[in-house]
Amino acid sequence: HPSPRSSLTCPHCLKQSNTFDPFLCISLPIPLRQTRALNVTLVLQCERWRFVRVGLAVPLLGTVADLRELVAREGRIPPEQVTGARRAGRRGAPPRDAEATGNVPQVILAEVSPRGFLRSLSDPEALGAAGEAGPVYAFQPPPARRAGTGPSGIGGAADPLLGIGGRLTARSSDCLHRAPASRILLLLCNTAGTGPQLARFGPPLVLREERGVSWEQLQQSILAQLRGVLRGEVRAQGTGALFRIRLAGGSAPCTYLSPQDPRPLCHPAVDRALQLSGAGGPPHVKLTVEWDMSTKERLFGSIQEEVVQDMESVRRQQQAHGQQHSCTLDECFQLYTKEEQVRAPLGT
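It should be emphasised that the depicted structure is a prediction, and the values quoted were computed from it without experimental measurement. (Residues numbered from 1 in each chain as written. Predicted model: local features only at pLDDT ≥ 70, side-chain atom pairs only at ≥ 80, totals over all residues. Heavy atoms only, no water.)

**Re the overall build of the protein chain**
Cut-off, in case you're wondering: We count a stretch as a helix when DSSP gives it H or I for four or more residues in a row; a strand needs E for two or more, and each element gets its number in order from the N terminus. Each residue's exposure class comes from its accessible area (1.4 Å probe, protein chains only) as a fraction of the maximum for that residue type: buried when under 20%, exposed when over 50%, partly exposed otherwise. Contacts: residue pairs with any heavy atoms within 4.5 Å of one another. Accessible surface area values rest on a Shrake-Rupley calculation with a 1.4 Å probe, where residue burial reflects the displayed protein chains alone.
Each helix and strand counted, the protein chain has six helices and 13 strands in total. The proportion of buried residues among the 348 residues of the protein chain is 41%. Long-range pairs, those at least 24 residues apart, make up 69% of the contacts in the protein chain between residues at least 6 apart in sequence. Carbon together with sulfur atoms contributes 53% to the accessible area of the protein chain, which is approximately 19400 Å² in total.

**Considerations on the pairing of strand β7 (residues 136-139)**
To keep it simple, the criterion reads: Between any two strands, at least two bridges found by DSSP are needed for them to pair.
Residues Val136 and Ala138 point to one face of β7 and Tyr137 and Phe139 to the other, with burial holding for every one of them. As paired elements, strand β3 (residues 35-45) and β7 share four bridges and run parallel to each other. Directly across from Val40, in β7, lies its bridge partner Val136. For strand β5 (residues 108-113) and β7, the ladder comprises four bridges, and the chain directions are antiparallel. Each residue of the ladder has a partner; that of Leu109, found in β7, is Ala138.

**Thoughts on the environment of Pro141**
Structurally, Pro141 can be placed in the loop between β7 and β8 (183-192). Pro141 gets classed as buried once you look at its relative accessible area, which sits at 8%. Spatially, the C-alpha atoms of Pro141 and Gln106 are 6.5 Å apart, while their sequence positions differ by 35 residues. Each residue touching Pro141, except ones within four places of it in the same chain, is listed here: Gln45, Gln106, Val107, Leu185, Val206 and Arg208.

**Description of the pattern of salt bridges**
Using the following cut-off: A carboxyl oxygen of Asp or Glu within 4 Å of a side-chain nitrogen of Lys or Arg is what we treat as a salt bridge.
Applying the stated rule across the entire model yields 12 salt bridges. The partner of Arg316 in a salt bridge is Glu74, with the nearest N and O atoms 3.9 Å apart. Residue Arg316 is located in helix α5 (residues 312-322), and its partner Glu74 is located in helix α1 (residues 64-74); the two are separated by 242 residues in the primary sequence. Looking at Arg316, the relative accessible area reads 39%, which means it is partly exposed. The partner of Glu210 in a salt bridge is Arg183, and the shortest N-O contact between them spans 3.6 Å. Highlighted residues: Glu210 in strand β9 (residues 199-210) and Arg183 in strand β8, separated in sequence by 27 residues. Overall, Glu210 belongs to the buried group, its relative accessible area being 13%. Bridged by salt links that share partners, the residues Glu111, Arg119 and Glu125 form one connected network.

**Remarks on the sheet that holds strand β6 (residues 116-120)**
In a beta sheet, neighbouring strands pair by backbone hydrogen bonds and run either parallel or antiparallel. Put simply, the rule reads: All axes here are fitted lines through C-alpha atoms, helices being fitted over the stretch that makes contact, and every angle between N-to-C directions spans 0 to 180 degrees.
Here we have six strands laid out as an open sheet, ordered β6-β5-β7-β3-β4-β13, and mixed in their pairing. Looking along the sheet, the strands with just one partner apiece sit at the ends: β6 and β13 (309-310). On top of the sheet, α5 reaches β3, β4 (49-59) and β13; it is set at about 25° to β4, its chief contact.

**Observations regarding the environment of Gln318**
Looking at the secondary structure, you find Gln318 in helix α5. On a C-alpha basis, the gap between Gln318 and Leu38 in space is 8.6 Å, while along the polypeptide they are 280 residues apart.

**Things to note about unusual backbone geometry**
Although it is not a glycine, Leu14 sits at a positive phi angle of roughly 65°. Looking at where Leu14 falls in the secondary structure, it is placed in the loop between β1 (5-9) and β2 (16-20). Judged by its relative accessible area of 63%, Leu14 is exposed.

**Observations regarding empty space enclosed by the protein**
For the record, the criterion: A pocket, in this scheme, is an open set of points on a 1 Å grid over the protein atoms alone with protein on both sides within 12 Å along at least 5 of 7 lines, while a cavity is a set where a 1.4 Å probe fits but cannot get out; residues line either one if an atom lies within 4 Å of a point. Grid points are joined across faces, edges and corners, and a volume is the space filled by probe spheres set on the points. Three categories are distinguished: nonpolar for Ala, Val, Leu, Ile, Met, Phe, Trp, Tyr, Cys and Pro, charged for Asp, Glu, Lys and Arg, and polar for the others, with Gly belonging to the last.
Overall, the coordinates contain two cavities of 30 Å³ or more when judged by the stated rule. Size it by volume and the largest cavity reaches roughly 40 Å³. Residue lining of the largest cavity: Arg68, Val107, Ile108, Leu109, Ser120, Leu121, Ser277, Gly278, Ala279, Gly280, Gly281 and His284, and that is the complete set. When its residues are assigned to classes, the lining of the largest cavity shows five nonpolar, six polar and one charged.

**Observations concerning the side chain of Asp123**
Definition in use: Here a polar contact is taken to be a pair of N or O atoms separated by no more than 3.5 Å, where protein atoms must pair a possible hydrogen donor with a possible acceptor and residues adjacent in sequence count only if both atoms sit in side chains.
Here Asp123 shows up in the loop between β6 and β7. Separated by 2.4 Å, the side chains of Asp123 and Arg68 make a polar contact. Excluding anything up to four places from it in sequence, Asp123 contacts Thr63, Val64, Ala65, Arg68, Ala279 and Gly280.

**Points about the nonpolar core**
Stated precisely, the cut-off is as follows: What makes a nonpolar core is a set of buried Ala, Val, Leu, Ile, Met, Phe, Trp, Tyr and Cys residues whose side-chain atoms join them at distances within 4.5 Å.
If you look at the biggest cluster of nonpolar residues, it comprises 45 residues, and the most contacted ones within it are Phe139, Leu186, Ile222, Phe243, Ile245, Trp291 and Phe300. Once residues lying within four places of it in the same chain are set aside, the contact partners of Leu186 are Leu205, Val206, Leu207, Glu209, Leu218, Leu265, Val285 and Leu287. Listed in part, the 19 residues of the second largest apolar core include Val52, Leu109, Ala130 and Val136.

**Considerations on the environment of Phe20**
Here Phe20 shows up in strand β2. Residues Phe20 and Ser7 lie 13 residues apart in sequence; the distance between their C-alpha atoms is 9.0 Å.

**Focus on the side chain of Ser258**
Mapped onto the secondary structure, Ser258 falls in the loop between β11 (256-257) and α3 (268-275). A polar contact is formed between the side chain of Ser258 and the backbone nitrogen of Gln260, at a distance of 3.1 Å.

Structure below.
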């Protein structure tokens, strides 16, 4: 009869005890799958915005930090643009611009649903729930702008535009941390409709903006990002707002920036959003640009969500994880004979 050896070693005196247990039959454990398939949409900046969906095999017990490494490998993004360590700062102080914080990751991971932004993913988080509430997007921020360019990247102040009115909120005069010379990263998604009919349209984008810009400059900068999907030129037609801007996520999801605020990005809620943006990515703020249906149809037509290119890895991972999990007899024996460590009771 076969007689497997069970060996027990004391970690203190290193004395070893061996026992042999003859058997006629044995029950072996079956190794469980250690990964699951997760699709991530890369938002890349080349000559124009490009959206690429990659398929990843993420560890079941991994963290978002592991996901960042997989994104770099599969998306062929330089590792220094994905992983790194945020420079420590004074607790409670608003984060500085990502360009000035040294070794800071340059990819933002966030969940985006058909209705808009859900949340940003922080490196210490477990990967178990990532992608369950909505698809995961990896945003590559634009490169740092050279000194001397206009605050909105379009050569100076924007002309006033005519549009719909927005809900008025607290102004930036309430903000204790004014930083008009600093730049922040803004994640943008556009929505139209209300209630159950609320839906995201067009591509979600990321831009780098000055904290001290006016509403008109911010509005013009957003329109410049959307020029690829606009039906035509948006000409200056007086003063006003074409849309409303709401801070997405966080503890105050219904905070709106005011068109009448001289510096809307100095709103105190923007500071709170920067502080809560999480570890593992550059400080950023998620903004939802809300359009009424008539303005949306006039400027964008029937455009829906962005067009995403699927890489071969999407099909490969779905096929691999869609099949029944199989293993060899040798893998079962390896799991059965795997070394275990038993901690001594407290006080011994």
